[in-house]
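Okay, here's what each chain looks like letter by letter:
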Amino acid sequence: QVQVVESGGDLVQPGGSLRLSCAASGTIFSIDAMGWYRQAGGKQREFVAAIISGSRTVYADSVKGRFTISKDNAKNTVYLQMTNMQFEDTAVYYCNADVVFRQNGPTYRYWGQGTQVTVSS
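Attention in this report is confined to the structure presented alongside it. (Residues numbered from 1 in each chain as written. Predicted model: local features only at pLDDT ≥ 70, side-chain atom pairs only at ≥ 80, totals over all residues. Heavy atoms only, no water.)

1. Some points on the nonpolar core
At step 1: Counting residues in each nonpolar core, the largest one holds 30 residues, and the members touching the most others are Met 34, Trp 36, Leu 80, Met 82 and Tyr 93.
At step 2: At 5 residues, the largest contribution of residues to this core is made by strand β9 (residues 91-100).
At step 3: Discounting chain neighbours no more than four positions away, the residues touching Met 34 are Cys 22, Ala 24, Ala 50, Ile 51, Ile 69, Lys 71, Asn 76, Val 78, Cys 95, Asn 96 and Ala 97. (Core = buried A, V, L, I, M, F, W, Y, C linked by side-chain atoms within 4.5 Å. Buried < 20%, exposed > 50% of the residue type's maximum accessible area, 1.4 Å probe, protein only. Helix = DSSP H or I, 4+ residues; strand = E, 2+ residues; numbered from the N terminus. Contact = heavy atoms within 4.5 Å.)

2. Looking at the side chain of Asp 89
At step 1: Within the secondary structure, Asp 89 sits in the loop between β8 (77-82) and β9.
At step 2: Looking at Asp 89, its side chain comes within polar contact range of the side chain of Arg 66, at 2.7 Å. (Polar contact = N/O pair within 3.5 Å; in protein donor to acceptor, adjacent residues only side chain to side chain.)

3. Re the pairing of strand β11 (residues 115-119)
At step 1: Side chains of β11 alternate between two faces, with Thr 115, Val 117 and Val 119 buried and Gln 116 and Thr 118 left unburied.
At step 2: Sheet topology places strand β2 (residues 11-12) next to β11; 2 bridges connect them, and they run parallel. Its bridge partner lying in β11, Val 12 is registered against Val 119.
At step 3: Relative to β11, β9 runs antiparallel, the two being bridged by 3 bridges. (Pairing = 2+ DSSP bridges.)

4. Focus: the state of the cysteines
At step 1: If you walk through the whole model with that rule in mind, you get 1 disulfide.
At step 2: The residue that forms a disulfide with Cys 22 is Cys 95, at a sulfur-sulfur distance of 2.0 Å. Every disulfide takes its handedness from the sign of the S-S torsion; for Cys 22 and Cys 95 that torsion is -80 degrees, giving left-handed. Placement of Cys 22 in strand β3 (residues 18-26) and of Cys 95 in strand β9 is noted, with a sequence separation of 73 residues between them.
At step 3: Judged by its relative accessible area of 0%, Cys 22 is buried. (Disulfide = S-S within 2.5 Å.)

5. Details of the packing of aromatic side chains
At step 1: Inspection of every chain in the model, using the stated rule, returns 4 aromatic pairs.
At step 2: Measuring from ring centre to ring centre gives 5.5 Å for Tyr 37 and Phe 47, while their planes differ by 75 degrees; the resulting arrangement is edge-to-face. Placement of the pair is Tyr 37 in strand β4 (residues 30-39) and Phe 47 in strand β5 (residues 46-52), with a sequence separation of 10 residues.
At step 3: Classification of Tyr 37 as buried rests on a relative accessible area of 19%.
At step 4: Judged by centre distance (5.7 Å) and plane angle (50 degrees), the rings of Phe 101 and Tyr 108 are tilted.
At step 5: What makes Phe 101 partly exposed here is its relative accessible area of 27%.
At step 6: Three or more aromatic residues joined by ring pairs form one cluster here, namely Tyr 37, Phe 47 and Trp 111. (Phe/Tyr/Trp six-rings, centres within 6.5 Å; stacked < 30°, edge-to-face > 60°.)

6. Observations regarding unusual backbone geometry
At step 1: Positive phi is not limited to glycine here, since Asn 76 has a value of about 50 degrees.
At step 2: Inspection of the secondary structure puts Asn 76 in the loop between β7 (67-72) and β8.
At step 3: Exposure remark for Asn 76: the relative accessible area of 22% places this residue in the partly exposed category.

Remember that the coordinates give geometry; whether it matters functionally is a separate question.
Structure follows, in structure tokens:
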């Protein structure tokens, strides 16, 4: 029905940069928001960033000034540009899409499978 697929996870050195991509596909009327969460080993999943209504952005304090979220509305694709990466950024990064199937209909959240990001020297 709806697929959310992340890509771009990799091994990066401290201080380095990486860009993640996430595409939502399916029979979708609209997407209210797309965002990124991450989960490090043994920890709870935490919010990273979101883009709402295609333009308003929200960030976790831990990534403000280092990560940038953007969206290509025509492609239903969201990007997470990560710079000045730190060891604590190591995690599986999950993308979510808040999808609407009909005008004025309810919103449903879909998740991707996750992509591994490892910061290591």
